[in-house]
Amino acid sequence: MQVTAWNYGVGSGIFTGIKEQIFRPDFGIPKELNIAAVIGFGYPLKKLTGKRKDRLPLTVLVHNEKYSNTNQR
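Residues numbered from 1 in each chain as written. Predicted model: local features only at pLDDT ≥ 70, side-chain atom pairs only at ≥ 80, totals over all residues. Heavy atoms only, no water.

A.B. asks: Please give an account of a nonpolar patch on the surface that cites residues and values.
C.D. replies: On the surface, a nonpolar cluster with roughly 460 Å² of combined accessible area is contributed by Leu56, Leu58, Val60, Leu61 and Val62. With respect to the element layout, Leu61 can be found in helix H3 (residues 58-61). With relative accessibility at 48%, the residue Leu61 sits in the partly exposed group. (Patch = residues over 30% accessible without salt bridge, like charges linked within 9 Å, V, L, I, M, F, W, Y side chains within 5 Å. Areas by Shrake-Rupley, 256 points an atom, 1.4 Å probe, with all protein chains shown as cover. Salt bridge = Lys/Arg side-chain N within 4 Å of Asp/Glu carboxyl O. Helix = DSSP H or I, 4+ residues; strand = E, 2+ residues; numbered from the N terminus. Buried < 20%, exposed > 50% of the residue type's maximum accessible area, 1.4 Å probe, protein only.)

A.B. asks: Account for the environment of Arg24, naming residues and giving values.
C.D. replies: Along the chain, Arg24 turns up in helix H2 (residues 20-27). Along the backbone, Arg24 and Ile35 are eleven residues apart, and their C-alpha atoms lie at a distance of 8.9 Å. If sequence neighbours within four positions are ignored, Arg24 has contacts with Ile29, Pro30, Lys31, Leu33, Asn34 and Ile35. Side-chain polar atoms of Arg24 contact the backbone oxygen of Pro30, separated by 2.6 Å. (Contact = heavy atoms within 4.5 Å. Polar contact = N/O pair within 3.5 Å; in protein donor to acceptor, adjacent residues only side chain to side chain.)

A.B. asks: Can you lay out the pattern of salt bridges for me, pointing to particular residues and giving the numbers?
C.D. replies: Any two side chains of opposite charge can pair, given that their charged atoms come close. Considering all chains together, one arrives at one salt bridge under this definition. In this structure, Arg24 and Glu20 form a salt bridge, with 2.7 Å as the shortest nitrogen-oxygen distance. On the criterion of helical spacing, the pair formed by Arg24 and Glu20 is a turn pair, its members being four residues apart in helix H2. Given a relative accessible area of 12%, Arg24 falls into the buried group. According to the relative accessible area criterion, Glu20 is partly exposed, its value standing at 29%.

A.B. asks: Let's hear about the environment of Lys19: which residues, and what values?
C.D. replies: Tracing the sequence through the fold places Lys19 in the loop between strand S1 (11-15) and H2. Spatially, the C-alpha atoms of Lys19 and Ile35 are 9.7 Å apart, while their sequence positions differ by 16 residues.

A.B. asks: I'd love a proper account of the packing of aromatic side chains, names of residues and values included.
C.D. replies: Each aromatic ring pair is specified by the distance between its two centres and by the angle formed by the two planes. According to the stated counting rule, one finds one aromatic pair in the structure shown. When the ring of Phe23 is compared with that of Phe27, the centres are 4.7 Å apart and the planes differ by 35°; the resulting orientation is tilted. Note that Phe23 and Phe27 are positioned in helix H2 at a spacing of four residues, about one turn of the helix. Among the residues examined, Phe27 registers a relative accessible area of 57% and is labelled exposed. (Phe/Tyr/Trp six-rings, centres within 6.5 Å; stacked < 30°, edge-to-face > 60°.)

Here it is as structure tokens:
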């Protein structure tokens, strides 16, 4: 969701440590659900620039069923 939002110029952030006693009633979240994290989305005041990162390609990072079975096609 965050990557797709970024592609549309929408910023996002992950929040943990939520004060559940305030958060639950505001959003109608039942007590039987655990709130582990919340992702907020919105349009930033400044234009998103995003710096290019030197990342490994997915074919090196992603493995199919067993480690070392890369998803090369």
